[in-house]
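Summary of structural features
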Amino acid sequence: MGRKRSFDDDEVLARAREVFLEHGYEGTSIDALVKATGLLRGSLYGAFGSKRGMFVAALHDATDSESRDSGVLNLVLVALMELSDHDPEVRRLVRDYLVKLSCSGSGDTNAVTVDVATLLGETLLQRAHIRFQSDNERSKS
């Protein structure tokens, strides 16, 4: 019989999500996750199996709603850019989340697809610290 967990999954996943957001999936080390979550390496592996398991758990937790929170959208971008092309489970989680966002729109499939694409594009530009000035803003500077 296994030992009862002595940590809060939601808190651990929130801390792990912050590390993945800061460093990306590939740039995140197990040591960084151990430090951020306060878990011992054995507890991390026991609870999540691997770094990938922790990322998938954090992604699942984050995309469980229709939230357009920047943290959720940035984690989705990490998943899209680093994992979804070769990881069917991550691809499914991202697809299901984007479908939820699309279904919460106006009902016009083309407009909703553009809305989700625009939202992801804006999030990507923000993540890259790129900001475009409007014509009005440029004329003032």
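Please refer to the structure placed before this passage.
Keep in mind that this is a model prediction, so the values were computed, not measured. (Residues numbered from 1 in each chain as written. Predicted model: local features only at pLDDT ≥ 70, side-chain atom pairs only at ≥ 80, totals over all residues. Heavy atoms only, no water.)

Together, L80, M81 and L124 make up an exposed nonpolar region whose accessible area comes to about 250 Å². One can find L124 in helix 7 (residues 109-127). (Patch = residues over 30% accessible without salt bridge, like charges linked within 9 Å, V, L, I, M, F, W, Y side chains within 5 Å. Areas by Shrake-Rupley, 256 points an atom, 1.4 Å probe, with all protein chains shown as cover. Salt bridge = Lys/Arg side-chain N within 4 Å of Asp/Glu carboxyl O. Helix = DSSP H or I, 4+ residues; strand = E, 2+ residues; numbered from the N terminus.)

A separate point is unusual backbone geometry. A positive phi angle, close to 60°, is found at H129, a residue other than glycine. Tracing the sequence through the fold places H129 in the loop between helix 7 and helix 8 (135-140).

This brings us to the nonpolar core. Grouped together as the largest cluster of nonpolar side chains are 36 residues, with contacts concentrated most on F20, L33, M54, F55, L59 and L75. Residues in contact with M54, not counting those within four places in the same chain, are V12, L13, A16, F20, L33, T37, L39, L44 and F48. (Core = buried A, V, L, I, M, F, W, Y, C linked by side-chain atoms within 4.5 Å. Buried < 20%, exposed > 50% of the residue type's maximum accessible area, 1.4 Å probe, protein only. Contact = heavy atoms within 4.5 Å.)

Attention now moves to the packing of helix 4 (residues 51-62) against helix 6 (residues 88-103). In contact at an axis separation of 10 Å, helix 4 and helix 6 are set at 10° when each is read in the N-to-C sense. The angle between helix 4 and helix 6 places the two elements in the roughly parallel class. Of the two possible hands of crossing, helix 4 and helix 6 adopt the one that is left-handed. In this structure, helix 4 uses R52, V56, L59 and H60 to contact helix 6, whose residues at the interface are E89, V90, L93 and V94. Across the contact of helix 4 with helix 6, the residue classes tally to five nonpolar, one polar and two charged. (Axes fitted to C-alpha atoms, helices over the stretch in contact; angles between N-to-C directions. Parallel < 35°, antiparallel > 145°, perpendicular 65-115°, else oblique. Left-handed = near helix turned anticlockwise from the far one by under 90°. Nonpolar A, V, L, I, M, F, W, Y, C, P; charged D, E, K, R; others polar.)

Moving on: the environment of G24. Mapped onto the fold, G24 is located in the loop between helix 1 (9-23) and helix 2 (30-37). Taking C-alpha positions, G24 is 7.9 Å from E82, a pair spaced 58 residues apart along the chain.

That's the geometry; what it means functionally is another story.
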